[in-house]
Amino acid sequence: MTAVQKSFHFLRSGLWAFSATCLLAASFLVAMALVGTADAQEKTKVGFVYVGPIGDHGWTHAHDVGRRALEEEFGSGVETTFLESVPEGADAEGAIRRLANEGHDVIFTTSFGYMNPTLKVAREFPDIRFEHATGYKRSDNVSTYSIRFYEGRYIQGVIAGHMTQSNAIGYVAAFPIPEVMRGINAFLLGARSVNPEVTLHLVWVNTWFDPGKERDAAQSLIDRGADIIAQHTDSAAPLQVASENGVFAFGQASDMRAFAPRAQLSASVNSWGPYYVARVQAAKDGSWESQDTWGGLKSGMLTMAEYANMPDEVKAAARTAEQGIRDGSVAIWKGPLVDTDGTEHLAAGLELSDQALLGMAWALEGVQGAP
Amino acid sequence: MLEISWLAIALTIAAASTPLLLAAAGELVVERAGVLNLGLEGMMLMGAVIGFIVKVESGSWFVACLAAACVGALFSQAFAFFVLTLRANQVAAGLALTILGGGLAAVLGAGYVGVSLAPMPRIPVVGSELHPWLGLLEHSPLFWLGLLVVVGVQWFLFHSRAGLVLRAVGDSHDSAHALGYSVLKVRALAIAFGGAMAGLGGAYLSLVHTPLWSEGMTAGRGWIALALVVFAFWRPWRLLFGTFFFASVTILEIYAQGFSLAVPPQFFAMLPYLATIAILVFLSSAYWRGRSDAPAALGKTFAPPY
């Protein structure tokens, strides 16, 4: 055996030894964890499944702020776990089941595409409370919760309607699902409430998170003459592009002002913390029941980031709209509502029901590039 | 709405093609040496995060790009150690590199989320105000570097002695070994070059295209670069064509939505992948087997016969 061969053999046996050590260490940790759970019975274990990385500075980041609010509220009374960047669909089932098997008491699944996997796992673990964000299917141990994001979009529309000079507003959209359609329509209604000339131009990127593609989409809208950019995707890239081109934009899901201090007009900020605290408290005192929550500005689940980079009268108009939505004096979805094909979805004088909002699959006349 | 200018579209296509061009040119050399490195995505993310951090801390574009390339090369040597020294499976080791790179970059960049940079300036073209089409030549330095790399790789592989040795190693490592060439050394160097280029491609994203750091910000571009190498039949010139084709289609997918075409944008989105599948089918046909430029020893582990 040559020296070289010997060194290869040494390395290989070294690798085996290393693997064996890792295995031993892992089993030791598992044993420790089991002992640990036996020690703290009253500790509520709360699990989260995230669709993106917690560093996305958008959707998932906002949920993680909510998770940290739980830890702050209950201190050693809770133990939280999260799995990030879990793909939607069939793969999610394994992630949710893993949290269930690890003995979590409450599991929050925080994306629409986790709906069926959540229900499936929930059937197998009737004692665990599941909470699914933005879905519409419930069972005895599955609640649903969401935010009326469209209220924030309406206010963004009011601001954009005042600020635009080209009357063309660009909108980077992810997927044509009701959630996104509501945002688009509410934005246009807000804009048209102050400026009937506004048209809304969509670009579909078919992804929630791809900074490069979101950037290209926003750039294409600016090239087409849009002077305000709104987005329903998760990265700060569209905001940055707006800033580079000297036009205005809105942050998504979190305050993204740091990325574009001179371009961000405002942002709808999702505030999940109060809901998470209330639900974990309910699980602790046994009052938890399956329910559907759809809160907005009024309940504090949605807040607006500081109104910036706009004249005072526009700020005042935004605050008036915000206050109006909160106290119910501003009705966003009032007829007549006519879609791009000319079909009337709501007659004059009526208001759209939550049921109709949840299934919204049409875009208002004035939206260009609707699916 | 204004008419969309073709100039703007062309510039966006050039911008979208740069990271793919850099990463794919590097991978092409790696595969020509007979190694399949599926860790592109991980190396790009490492380059992106280190480039961003170094730019924020040092303020120098040059140092940031250099650091990204060095980190890409260094990180790729972890892969080289496993597949060359320990003779591990290349597919498994490459996937591990992608996963490790994504995670490590997230940890390193955690403190830099939410920091924003001004994008790297383009190289100005003298006289671009005289005629708008001269504006076509205004690109980021990394775009020009990408083109240079492709030209350099073409020259290296087909017009230099060292390139001939590298191709020999990739086609038949046993013969190259018998002739006295160090297969492992050649492959380690090729992997380092591939890592450096992937690092630069990642840095392009975090410094030029979207000057921010966000986990997973490459969003699958490493995998596209990998497909491009196959698409190009392992030829640098075709790689250039393939990259612009891929980038054009993705950009047209976005811009076409403004033309109100009857074609759904999803059609454009799937076009590059359909083309890649068609080429893979074509390559595996009886006629092409043995005639294509695919390195014969691609993905095979080399065990020196002592």
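Provided above is the structure to which this section pertains.
Residues numbered from 1 in each chain as written. Chains lettered and ligands numbered in written order. Predicted model: local features only at pLDDT ≥ 70, side-chain atom pairs only at ≥ 80, totals over all residues.

Engineer: Whenever I open this one, the overall build of chain B confuses me. Can you help?
Structural biologist: A count of helices and strands for chain B gives 11 helices and zero strands. What you see in chain B, going N to C, is helices and strands ordered as α-α-α-α-α-α-α-α-α-α-α. Against the compact-globule benchmark of 19 Å for 306 residues, chain B has a radius of gyration of 20 Å, which places it among compact chains. By its C-alpha atoms, chain B is 70 × 50 × 35 Å across when sized along the principal axes. The contacts of chain B with a sequence gap of at least 6 include a subset with a gap of at least 24, amounting to 77%. (Helix = DSSP H or I, 4+ residues; strand = E, 2+ residues; numbered from the N terminus. Rg over C-alpha atoms; globule rule 2.2 N^0.38 Å. Contact = placed C-beta atoms within 7 Å.)

Engineer: Quick question: what am I supposed to make of the interface of chain B and chain A here?
Structural biologist: It is common to give the size of an interface as the accessible area that goes away when the parts come together. At the interface, 34 residues of chain B touch 36 residues of chain A. Listed by contribution, the elements that provide at least two residues to the side of chain B that touches chain A are α1 (6-32), α8 (183-209), α10 (236-255) and α11 (265-283) of chain B. Here the side of chain B that touches chain A is composed, by residue class, of 21 nonpolar, 12 polar and one charged. (Nonpolar A, V, L, I, M, F, W, Y, C, P; charged D, E, K, R; others polar.)

Engineer: When you look at the nonpolar core in this model, what are you seeing that I'm missing?
Structural biologist: Here is a general trend for soluble globular proteins: nonpolar side chains tend to be buried in one another's company. Counting residues in hydrophobic clusters, the biggest one holds 198 residues, and the most contacted among them are Ile184 of chain A together with Leu228 of chain B. Considering each element in turn, this core owes the most residues, 16 residues, to α8 of chain B. Among the domains, domain 1 (42-147) and domain 2 (149-268 + 304-368) of chain A are the pair contributing at least three residues each to this core. Filtering out sequence-adjacent residues up to four positions away, Ile184 of chain A remains in contact with Tyr171, Ala173, Leu200, Leu202, Ala363 and Val367 of chain A. (Core = buried A, V, L, I, M, F, W, Y, C linked by C-beta atoms within 7 Å. Buried ≥ 20, exposed ≤ 12 C-beta atoms within 10 Å, placed from the backbone. Domains from an automatic or database assignment.)

Engineer: For this particular structure, what's the right way to read the sheet that holds strand β8 (residues 228-232) of chain A?
Structural biologist: The strands that make up a sheet pair up through hydrogen bonds in the backbone, lying either parallel or antiparallel. Residues and elements named next belong to chain A. The seven strands lie next to each other as β12-β10-β9-β8-β6-β7-β15, forming an open sheet whose pairing is mixed. Both outer strands of the open sheet, β12 (302-304) and β15 (367-368), are each paired with one neighbouring strand and no more. In this structure, strand β6 (residues 168-173) lies alongside strand β7 (residues 199-204), joined through six bridges in parallel fashion. Across the sheet, Ala173 pairs through a bridge with Trp204, a residue of β7. This element, helix α7 (residues 211-223), spans β6, β7 and β8 of the sheet and lies at about 165 degrees to β6. On the sheet, helix α8 (residues 237-244) packs against β6, β8, β9 (248-251) and β10 (264-270) and is oriented at approximately 160 degrees with respect to β9. (Pairing = 2+ DSSP bridges. Axes fitted to C-alpha atoms, helices over the stretch in contact; angles between N-to-C directions.)

Engineer: Would you mind showing me how to read the packing of α7 of chain A against α1 of chain B here?
Structural biologist: Geometry of a packed helix pair, given as the angle between the helix axes and the separation of the axes. Viewed as axis vectors pointing N to C, α7 of chain A and α1 of chain B meet at an angle of 170 degrees, and their least axial separation amounts to 11 Å. Considering their axes alone, α7 of chain A and α1 of chain B lie roughly antiparallel with respect to each other. Residues Gly212, Asp216, Gln219 and Asp223 of chain A of α7 of chain A touch α1 of chain B, and the partners they reach there are Ala8, Thr12 and Ala16 of chain B. (Parallel < 35°, antiparallel > 145°, perpendicular 65-115°, else oblique.)

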